[in-house]
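An overview of the molecular structure
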2 protein chains.
Amino acid sequence: MAVLVNGVKHDEISVHDRGLAYGDGVFRTLRVESGTAQCWDWHFRKLHDDCTAIGIICPDRIVLDAEVAELAGDHRDTLIKIIVTRGTGERGYAPPRNPGATRILLTAPLPVYPERNYDFGICARICSLRLAFQPRLAGIKHLNRLENVLARAEWDDAEIAEGLLQDADGNVVGATMSNLLMVEQGALITPDLTRCGVAGVQRARVIQAAAQHHMPVKVESIALDRMLRADELILINSGFGAWQIRRIGEVRWRSGGYIGTIRRWLSDQG
Amino acid sequence: MAVLVNGVKHDEISVHDRGLAYGDGVFRTLRVESGTAQCWDWHFRKLHDDCTAIGIICPDRIVLDAEVAELAGDHRDTLIKIIVTRGTGERGYAPPRNPGATRILLTAPLPVYPERNYDFGICARICSLRLAFQPRLAGIKHLNRLENVLARAEWDDAEIAEGLLQDADGNVVGATMSNLLMVEQGALITPDLTRCGVAGVQRARVIQAAAQHHMPVKVESIALDRMLRADELILINSGFGAWQIRRIGEVRWRSGGYIGTIRRWLSDQG
């Protein structure tokens, strides 16, 4: 594993960093395959947008390009996590006057999931933790992730690959580490993320690909009952790609017709 | 400034610490005066309760006693911030199987506020950011503090000492770094913090002291309009003690009769 903190090989950061103090930052996780960072354009754009949304000046593209290339060149097949924080500053919540973001890039082995997750599909559960409505932070992949931690801590059964998250009104928002796609009467639907949740890069790519292939995609609130009656449910993220949900509790789904399409779209490096 | 990370003088932590990755931890800020940590019993109890609330095993009292005493002995008059995180672990939201909390103690100079804040009172504002309802995390002083950061970033006017925070329904919850006490027809009222906000140690001390002095205290939802009609408004925290609010926008308050009482209660080291 390698770590670059502001471009320097070093695996620690200051205890005064606002990323630690307040979760005052954002992050990305992306795959590197054969030395190439997958969907890097998308990831950089999302990192930039997320920084902007909370008033952090995003590191320059050229700087991140070089650092990602350095790690990707050394490790070839790896995950890279990029964290950008508001940097160190005076004590207190007020953002520092001369903010210098801290950028942290770290590699981790590509995650290994059971083949069955891809060939057959996964078993998921409904988490009891409900996501809070915070429109000011919704969609952003920021470092305030205690909700995800507490939701993921609800189960310790290796058979369950993911946990679905509802908002305070009982709408399904996504899962602890992935976004949800629902197939309903031939249409693709993904939850509205303007009040909570994380709007991942692969979700944005699917929405774009669907438009390109003239397949209707709707972004809307999805009540739990409605989701459980869907024709097909698919989870997506940058780490594992796409998995079909085959079982939630006593509800089971057959092998779906859309999972192959979604996987094909995601494997297009556009 | 001095820093102890797990008892060792060192001012950095691992980039793999979950405190940075997810804000997966809690914290305290307390005053040391003449070498004595103020309200240490209260702070330890709250730290312990907050750790327990999110499933972190709190460091032993005896260990923290020694580390607080070490910093307090060296610095005499200082702030100490204590951060406890879930420690480092494998990648992903799932809490590690053998969690070893990281404890970080750091000193900072005692904050210097204008004398006027104590003698006269302060000017406050109403923040536009609304706190999200998350009963699972309400009251806990955890490291997910982006709401406070964004609220505090709303103003840059040194005349305004604090910003009041409302919840999504428009009830006043407290302020960016302090708790609110409201005096209404001789009764003391403090906002209900079961759906959002931070339940500070000084608020708990005031509630206890009021009971001891047979003064009624109510904990309830306080709509903004009602707060603005209050007889007296007081903000409290462990850093500055107690300030009376004298002005919010065009609404002004006279010098109040309760601020002295609250300050006396808080200065009792019980």
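Residues numbered from 1 in each chain as written. Chains lettered and ligands numbered in written order. Predicted model: local features only at pLDDT ≥ 70, side-chain atom pairs only at ≥ 80, totals over all residues.

**Remarks on the interface of chain A and chain B**
At the interface, 40 residues of chain A touch 40 residues of chain B. At the level of secondary structure, the elements contributing two or more residues to the side of chain A that touches chain B comprise β1 (3–5), β3 (12–14), α1 (18–22), β7 (102–108) and α5 (146–152) of chain A. Residue contributions to the side of chain A that touches chain B peak at five residues, all from α5 of chain A. Residue composition of the side of chain A that touches chain B, by class: 24 nonpolar, nine polar and seven charged. As paired elements, β3 of chain A and strand β3 (residues 12–14) of chain B share three bridges and run antiparallel to each other. In the sheet register, Glu12 of chain A faces β3 of chain B, and the bridge partner there is Ser14 of chain B. (Contact = placed C-beta atoms within 7 Å. Helix = DSSP H or I, 4+ residues; strand = E, 2+ residues; numbered from the N terminus. Nonpolar A, V, L, I, M, F, W, Y, C, P; charged D, E, K, R; others polar. Pairing = 2+ DSSP bridges.)

**Let's talk about the sheet that holds β1 of chain A**
Residues and elements named next belong to chain A. With antiparallel pairing, six strands are arranged side by side in an open sheet as β2-β1-β7-β6-β4-β5. Lying at the two open borders of the sheet, with one neighbouring strand each, are β2 (8–9) and β5 (36–37). Pairing between β1 and β7: three bridges, direction antiparallel. For Leu4, the partnering residue across the bridge sits in β7 and is Leu105. Where helix α3 (residues 61–75) meets the sheet, its contacts fall on β1, β4 (25–33), β5, β6 (78–85) and β7, and the angle it forms with β7 comes to roughly 15 degrees. (Axes fitted to C-alpha atoms, helices over the stretch in contact; angles between N-to-C directions.)

**Some thoughts on the packing of helix α6 (residues 201–212) of chain A against helix α8 (residues 259–267) of chain A**
Each pair of packed helices can be described by the angle between their axes along with the distance between the axes. Residue and element names in this part refer to chain A. At a minimum axis separation of 10 Å, α6 and α8 run at an interaxial angle of 105 degrees. Judged on the interaxial angle alone, α8 and α6 are roughly perpendicular. Touching Gln202, Arg205, Val206 and Ala209 of α6 are Ile262, Trp265 and Leu266, all from α8. Residues that form the contact of α6 with α8 fall into these classes: five nonpolar, one polar and one charged. (Parallel < 35°, antiparallel > 145°, perpendicular 65-115°, else oblique.)

**So, the domain arrangement of chain A**
By a widespread convention, an interface's size corresponds to the accessible area lost as its parts come together. All names here are of chain A. Here chain A is described as being made up of domain 1 (3–108) and domain 2 (115–267). The centre of domain 1, based on its C-alpha atoms, is set 25 Å off from the matching centre of domain 2. With 17 residues of domain 1 at the contact, the number on the domain 2 side is ten residues. Of all the elements, β4 adds the most residues to the side of domain 1 that touches domain 2, at seven residues. Here the residues of the side of domain 1 that touches domain 2 sort into eight nonpolar, five polar and four charged. (Domains from an automatic or database assignment.)

**Quick word on the relation of the copies chain A and chain B**
In the superposition of chain A on chain B (RMSD 0.0 Å, axial shift 0.0 Å), the rotation amounts to 180 degrees. Considering both components of the superposition, the chain copies are consistent with a two-fold axis. When you check the interface residues of chain A against chain B, 100% turn up at the interface there too, and the contact is symmetric in its surfaces. (Least-squares fit on C-alpha atoms with pLDDT ≥ 70 in both.)

**Regarding the pairing of strand β10 (residues 172–175) of chain B**
All names here are of chain B. When strand β9 (residues 160–167) meets β10, the two strands line up antiparallel, connected through three bridges. By the bridge assignment, Leu165 is partnered in β10 with Gly174. In sequence, β9 turns back onto β10 through a hairpin of four residues, with Gly170 there showing a positive phi of about 90 degrees.

**Observations regarding the nonpolar core**
In terms of nonpolar packing, the biggest core is built from 154 residues, with Met182 and Ile234 of chain A together with Met182 and Ile234 of chain B touching the most fellow members. With sequence-adjacent residues up to four places away left out, Ile234 of chain A is seen in contact with Leu181, Ala242, Trp243, Gln244, Tyr258, Ile259 and Ile262 of chain A. (Core = buried A, V, L, I, M, F, W, Y, C linked by C-beta atoms within 7 Å. Buried ≥ 20, exposed ≤ 12 C-beta atoms within 10 Å, placed from the backbone.)

**Description of the sheet that holds strand β7 (residues 102–108) of chain B**
Residues and elements named next belong to chain B. One open sheet accounts for six strands, arranged β2-β1-β7-β6-β4-β5; its pairing is antiparallel. Strands with a single pairing partner mark the edges of an open sheet, and in this sheet they are β2 (8–9) and β5 (36–37). Relative to strand β4 (residues 25–33), helix α2 (residues 40–53) is tilted by about 175 degrees, and along the sheet it contacts β4, β5 and β6 (78–85). In this fold helix α3 (residues 61–75) packs onto β1 (3–5), β4, β5, β6 and β7, with an angle of close to 15 degrees to the strand it touches most, β7.

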